Amino acid sequence: MDCIKDHTRLGNAVISKTSIDEFFVDLTSLVADESAAPSPEATRTHVWCGDFDKTSVSSLSSLSSSSSSSSSRHPPIRVGLLRAAELVAEARRVVSEKLHYNMSAGISSNKMLAKIASSKHKPNKQTIVPDWAIQNVLRELKLTDIPGLGGETGKDVMQTLSEELNSQQQKWGAAVGD
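Notes on the structure follow.

How each quantity is defined
Residues numbered from 1 in each chain as written. Predicted model: local features only at pLDDT ≥ 70, side-chain atom pairs only at ≥ 80, totals over all residues. Heavy atoms only, no water. Helix = DSSP H or I, 4+ residues; strand = E, 2+ residues; numbered from the N terminus. Buried < 20%, exposed > 50% of the residue type's maximum accessible area, 1.4 Å probe, protein only. Contact = heavy atoms within 4.5 Å. Areas by Shrake-Rupley, 256 points an atom, 1.4 Å probe, with all protein chains shown as cover. Polar contact = N/O pair within 3.5 Å; in protein donor to acceptor, adjacent residues only side chain to side chain. Pairing = 2+ DSSP bridges. Salt bridge = Lys/Arg side-chain N within 4 Å of Asp/Glu carboxyl O. Core = buried A, V, L, I, M, F, W, Y, C linked by side-chain atoms within 4.5 Å.

1. Brief notes about the overall build of the chain
And step 1. Broken down by element type, the chain carries 6 helices and 6 strands.
And step 2. Listing every helix and strand of the chain by position from the N terminus yields α-β-β-β-β-α-α-β-α-β-α-α.
And step 3. A burial count over the chain gives 35% of its 178 residues as buried.
And step 4. The long-range fraction of contacts in the chain, counting pairs at least 24 apart against all pairs at least 6 apart in sequence, stands at 52%.
And step 5. Counting only carbon and sulfur atoms, one obtains 50% of the accessible surface of the chain, whose full area is about 10,700 Å².

2. Details of the side chain of Ser118
And step 1. Turning to its location among the elements, Ser118 is positioned in helix H4 (residues 111-120).
And step 2. Overall, Ser118 belongs to the buried group, its relative accessible area being 13%.
And step 3. Polar contacts involving the side chain of Ser118 include one to the main-chain carbonyl oxygen of Lys115, which spans 2.7 Å.
And step 4. In contact with Ser118, other than residues within four places in its own chain, are Ser104, Ala105 and Gly106.

3. A closer look at the pairing of strand S2 (residues 22-26)
And step 1. As paired strands, strand S1 (residues 14-19) and S2 are joined by 5 bridges and run antiparallel to one another. The residue of S2 that forms the bridge with Ser16 is Phe24.
And step 2. Count of turn residues in the S1/S2 antiparallel hairpin: 2 residues.

4. Some remarks on the environment of Lys115
And step 1. In this fold, Lys115 is placed in helix H4.
And step 2. Note: C-alpha distance between Lys115 and Ile146 (31 residues apart in sequence) is 8.8 Å.
And step 3. The contacts of Lys115, once residues within four sequence positions are left out, are Glu22, Phe24 and Pro147.

5. Let's talk about the pattern of salt bridges
And step 1. Counted according to the given criterion, the structure contains 3 salt bridges.
And step 2. Glu97 serves as the salt-bridge partner of Arg93, at 3.6 Å between the closest nitrogen and oxygen. Remark: Glu97 and Arg93 occur in helix H3 (residues 79-99); sequence separation between them is 4 residues, near one turn of the helix.
And step 3. Given the relative accessible area of 36%, Arg93 is considered partly exposed.
And step 4. Lys155 serves as the salt-bridge partner of Glu152, at 3.5 Å between the closest nitrogen and oxygen. Here Lys155 and Glu152 lie together in helix H6 (residues 151-175), a separation of 3 residues that amounts to about one turn. The pair Glu152 / Lys155 is uniform in exposure class, with both members exposed.

6. Structural notes on the nonpolar core
And step 1. In this structure, Ile4, Leu10, Leu27, Trp48, Ile107, Ile128 and Val129 are the most contacted members of the largest nonpolar core, which totals 30 residues.
And step 2. Contributions of two or more residues to this core are made by strand S3 (45-48), H3, strand S5 (105-107), H4 and helix H5 (134-140).
And step 3. Sort the elements by how many residues they give to this core and H3 lands first, with 8 residues.
And step 4. Those residues in contact with Ile128 that sit more than four places away from it in its chain are Thr45, His46, Val47, Trp48, Leu81, Leu82, Ala85 and Ile107.

7. A few points about unusual backbone geometry
And step 1. Here the bond from Lys122 into Pro123 is cis, since omega is -5°, no more than 30 degrees from zero.
And step 2. Looking at the secondary structure, you find Pro123 in the loop between H4 and strand S6 (126-128).
And step 3. Backbone geometry places His100, a non-glycine residue, at a positive phi of 60°.
And step 4. Along the chain, His100 falls in the loop between H3 and S5.

Put into structure tokens, the structure is as follows:
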């Protein structure tokens, strides 16, 4: 984390270490200015919308709220998310150059979605989940893809939900006379 704080524009961001190889960076204060257009540093960022992925510079430009193009079939991505992609790309590049580690990254409006997005295009890539795509992205996920619901916890939740669903189906069947 020191490498990122010392060698990128993320020095003033809140960085929270969550495990030996994972951390969250709150970029809210650094991307608050919605009028500043993102630079080409945000290129090669996947945009996960649930029904398509975009990866090129022109795709990001055409999805930006500062773009004059209205030909996109999706609403624009907030400039703040695109600026976050720019900062994250810079941090990933610096870590690669200085420490020789590759990083995947997720960019979204909250930690859970950012964590999910970071898993979408591994290894060594970054993914944005725009606000307007959240429902589509969550619809695609299995319950066990949600952070905290993998492993044994996810199995327990699935078992409980399955039992509850079966119980409700039995009650419904009895109510309508099977």
